[in-house]
Amino acid sequence: MNKTELVNAIAAEAKLTKKDAKAALDATLGAVAKALAKGDKVALIGFGTFSVVKKAARTGLNPQTKKPIKIAAKKVAKFKAGAELAKKVNKK
């Protein structure tokens, strides 16, 4: 499912116009991104938790030359599914 399909699904489910559904989705994603940029967690009960994890610097291998390269430390976004979402995904 891409963003357009998600907007269409939100519009249908919430009985909104596509324009309003897109605005709501954009606002939600923007709020999550801002919170993560500040280092906060975003917990959506029943859905999951978004958080930021620090990855340490490390040495990797260039796949073409097989020479070692330094990979800088960085922060990455992480998502952990909640129990309710996990149950829906594994439903048969």
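The numbering scheme is per chain: residues are counted from 1 as the chain's sequence reads. Given that this is a predicted model, residues contribute local features only at a pLDDT of at least 70 and side-chain atom pairs are listed and counted only at 80 or more, while totals for whole chains, interfaces and linings are drawn from all residues. Side-chain measures here rest on the full set of heavy atoms in the structure, leaving out hydrogens and waters.

Some remarks on the packing of aromatic side chains
As a reminder of what qualifies: Note on ring pairs: Phe, Tyr and Trp rings are taken, using the six-membered ring of Trp, and paired if centres are within 6.5 Å. Classes follow the plane angle, with under 30 degrees stacked, over 60 edge-to-face and the rest tilted. The secondary structure listing takes helices from DSSP runs of H or I that are at least 4 residues long and strands from runs of E that are at least 2 residues long, numbered from the N terminus. For the exposure calls, accessible area comes from a 1.4 Å probe over protein chains only, and a residue counts as buried if that area is under 20% of its type's maximum, exposed if over 50%, partly exposed in between.
One pass over the full model with this rule turns up two aromatic pairs. Plain terms: the ring middles of F47 and F79 are 5.5 Å apart, the flat faces sit at 50 degrees to each other, and that makes the pair tilted. Highlighted residues: F47 in the loop between strand 1 (42-44) and strand 2 (48-55) and F79 in strand 5 (residues 74-81), separated in sequence by 32 residues. A residue is classified by how much of its surface remains accessible, and F47, at 39% relative accessible area, is partly exposed. With centroids separated by 4.8 Å and ring planes inclined at 50 degrees, the aromatic side chains of F50 and F79 adopt a geometry described as tilted. Taken together, the residues span a long stretch of sequence, with F50 in strand 2 and F79 in strand 5 at a distance of 29 residues. Judged by relative accessible area, F50 falls into the partly exposed class, the value being 22%. What links up through ring pairs into an aromatic cluster is the set F47, F50 and F79.

Observations regarding the sheet that holds strand 1
Worth spelling out the cut-off: When DSSP finds at least two bridges between two strands, those strands are taken to pair. Between N-to-C directions, angles cover 0 to 180 degrees, with each direction set by a line fitted to C-alpha atoms, over the stretch in contact for helices.
Spatial ordering of the open sheet is given by 1-2-5, a layout of three strands whose pairing is antiparallel. Edge positions in the sheet fall to strand 1 and strand 5, since each of these pairs with one other strand and no more. Pairs of neighbouring strands in the sheet enclose a mean axial angle of 25 degrees, with direction left out of account. Bridge count for strand 1 against strand 2 is three bridges, and the pairing is antiparallel.

Details of a positive patch on the surface
Here is the rule: The residues that make up patches have over 30% relative accessible area and no salt bridge, and they are joined within 9 Å when like-charged or within 5 Å when they are Val, Leu, Ile, Met, Phe, Trp or Tyr. To measure how exposed things are, a 1.4 Å probe is used in the Shrake-Rupley method; for residues, cover is taken only from the protein chains shown. In what follows, salt bridge is the name for a side-chain nitrogen of Lys or Arg lying within 4 Å of a carboxyl oxygen of Asp or Glu. Asp and Glu count as negative and Lys and Arg as positive, but His and the ends of the chain are not part of the count. Every charge is mapped onto a representative atom, which is NZ of Lys, CZ of Arg, CG of Asp or CD of Glu.
Positive charge collects at one region of the surface, where K41, K55, R58, K74, K78 and K80 lie side by side. With three residues, the single largest contributor to the positive patch is strand 5. The topology assignment puts K80 in strand 5.

Details of helix 2 (residues 18-37)
Spelled out, the test is: A helix's residues, less one, multiplied by 1.5 Å, set its expected span. The arc under discussion is defined with respect to the helix axis, by the directions toward the C-beta atoms. We call two residues in contact when some of their heavy atoms are within 4.5 Å.
When the terminal C-alpha atoms of helix 2 are compared, their 28 Å separation across 20 residues agrees well with the 28 Å that a helix rising 1.5 Å per residue should span. Considered for burial, the residues of helix 2 that qualify are A21, L25, V32, A35 and L36. Buried residues of helix 2, viewed axially, fall in a sector of 105 degrees; they line one side. Projecting away from the buried face of helix 2 at angles above 90 degrees are the exposed residues K19, K34 and A37. Where helix 2 is buried, its residues touch helix 1 (3-14), strand 1, strand 2 and strand 5.

Remarks on the packing of helix 1 against helix 2
The condition that has to hold: Small angles under 35 degrees read as roughly parallel and large ones over 145 as roughly antiparallel, with 65 to 115 read as roughly perpendicular and the rest as oblique. Here a crossing is called left-handed whenever its near helix is offset anticlockwise from the far helix by less than a right angle, and right-handed whenever the offset is clockwise. In this classification, the charged set is Asp, Glu, Lys and Arg, the nonpolar set is Ala, Val, Leu, Ile, Met, Phe, Trp, Tyr, Cys and Pro, and all remaining amino acids, among them Gly, are polar.
Their axes nearest at 8 Å, the elements helix 1 and helix 2 cross at an angle of 115 degrees. Between helix 1 and helix 2, the interaxial angle falls into the category roughly perpendicular. Like other packed secondary-structure pairs, helix 1 and helix 2 cross with a definite hand, here right-handed. Contacts between helix 1 and helix 2 involve K3, L6, V7, N8, I10 and A11 on the former and, on the latter, K18, A21, K22, L25 and D26. Looking at side-chain class alone, the contact of helix 1 with helix 2 contains six nonpolar, one polar and four charged residues.

Everything listed here is a matter of coordinates, which is why it stays silent on function.
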